[in-house]
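Coordinate inspection notes
Chain by chain, the residues:
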Amino acid sequence: MTPPQVTAPGHAAPLLDLGGRTALVTGAAGGIGRACALRLAAAGAKVRAVDRDAVGLETLVEDTAGLPGPVEPYVLDLTDLDAAELAAAGTDVLVNNAGLQRVAPLEEFPPDVFHTVLTVMLEAPFRLIRGALPHMYGQGWGRIVNVSSVHGLRASAYKSAYVAAKHGLEGLSKTAALEGAPHGVTSNCVNPAYVRTPLVQRQLADQARTHGIPEERVLAEVLLRDSAVKRLIEPEEVAEAVAYLCGPQASFVTGASLVLDGGWTAH
């Protein structure tokens, strides 16, 4: 086995080189997933960009001109679990990012929406990991990065499905880390607070209705209330954390949750 590449004190860290690797990113048409797809392609990976938004994927591909790694659009609804598992075959780097949100009190939360959220955000990652592991195990190397959330570590009211899914994803990621370690496969979570994405923009309106306050107050008084750093995270910041977990410097990092929450969980 080739020992992991490390950096001696006083020397520059090696650049992330994923040339010859295939990366699959879900929810790649926008937000965090789009930023991750671009970052991994910039590192030379062949990116399988998965999303149900065909138009968004076309735009992503247009924006990858000149990057070292190609981006291949893969239109897929992750509620088709068998298709999701098949899509992950041959993957070296798997980024489980796709998600959706619904804000409502528990007694009013639609059961069908709860089921869909858990399917897309927990069961689909399980099936994608299941589809990717044979190839990863066979070559003795793989990277699984699950885009969790601060809500994988803390709960918020009115987000029962999202919080349940993210807490479950944390456990799934740790289990994959324990099983994958003997095979050279790491599995970690990245846990951002609120990111500047369309999903968060929609939450502003949902939370405004739920709390009965204007949208401009939702950002300051609800979303950023517990954050020491009073701003939204940019998708590119999350993508850099994902890239770090794929690099040689992180070969000993597995079963971890990398928190990017502006100090929220420091309370």
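Summary of the structure given here. (Residues numbered from 1 in each chain as written. Predicted model: local features only at pLDDT ≥ 70, side-chain atom pairs only at ≥ 80, totals over all residues. Heavy atoms only, no water.)

The next point concerns the pairing of strand β6 (residues 185–192). Among the eight residues in β6, eight count as buried, and that is most of the element. Of the two faces of β6, both are covered, the one formed by V185, S187, C189 and N191 as well as the one formed by T186, N188, V190 and P192. Pairing of strand β5 (residues 142–147) with β6 involves six bridges; the strand directions are parallel. Paired with R143 across the strands is T186, a residue of β6. (Buried < 20%, exposed > 50% of the residue type's maximum accessible area, 1.4 Å probe, protein only. Helix = DSSP H or I, 4+ residues; strand = E, 2+ residues; numbered from the N terminus. Pairing = 2+ DSSP bridges.)

Unoccupied space between atoms shows up once a probe the size of one water molecule is rolled over them. Scanning the model with the defined rule gives one cavity of 30 Å³ or more in all. Considered as a void within the structure, the largest cavity measures approximately 30 Å³ in volume. If you trace the largest cavity, you find it lined by N96, N97, A98, M121, P125, V147, K166 and L169. At the level of secondary structure, the elements contributing two or more residues to the lining of the largest cavity comprise α4 (111–139) and α5 (160–180). Of the residues that constitute the lining of the largest cavity, the class distribution is five nonpolar, two polar and one charged. (1 Å grid on protein atoms, 1.4 Å probe; cavity = no way out; pocket = protein on both sides within 12 Å on 5 of 7 lines; lining within 4 Å. Points joined across faces, edges and corners; volume = space filled by probe spheres on them. Nonpolar A, V, L, I, M, F, W, Y, C, P; charged D, E, K, R; others polar.)

Turning our eyes to something else, we now look at the nonpolar core. Of all hydrophobic cores here, the largest spans 47 residues; its most connected members are L40, V47 and V95. It is helix α8 (residues 235–246) that contributes the most residues to this core, seven residues altogether. Once residues within four sequence positions are removed from consideration, V95 is found in contact with L24, V25, T26, C36, L40, V145, V147 and V242. In terms of nonpolar packing, the next biggest core, distinct from the first, is built from 32 residues, A87, A161, A165 and L172 among them. (Core = buried A, V, L, I, M, F, W, Y, C linked by side-chain atoms within 4.5 Å. Contact = heavy atoms within 4.5 Å.)

In short, shape yes, function no, at least from these values alone.
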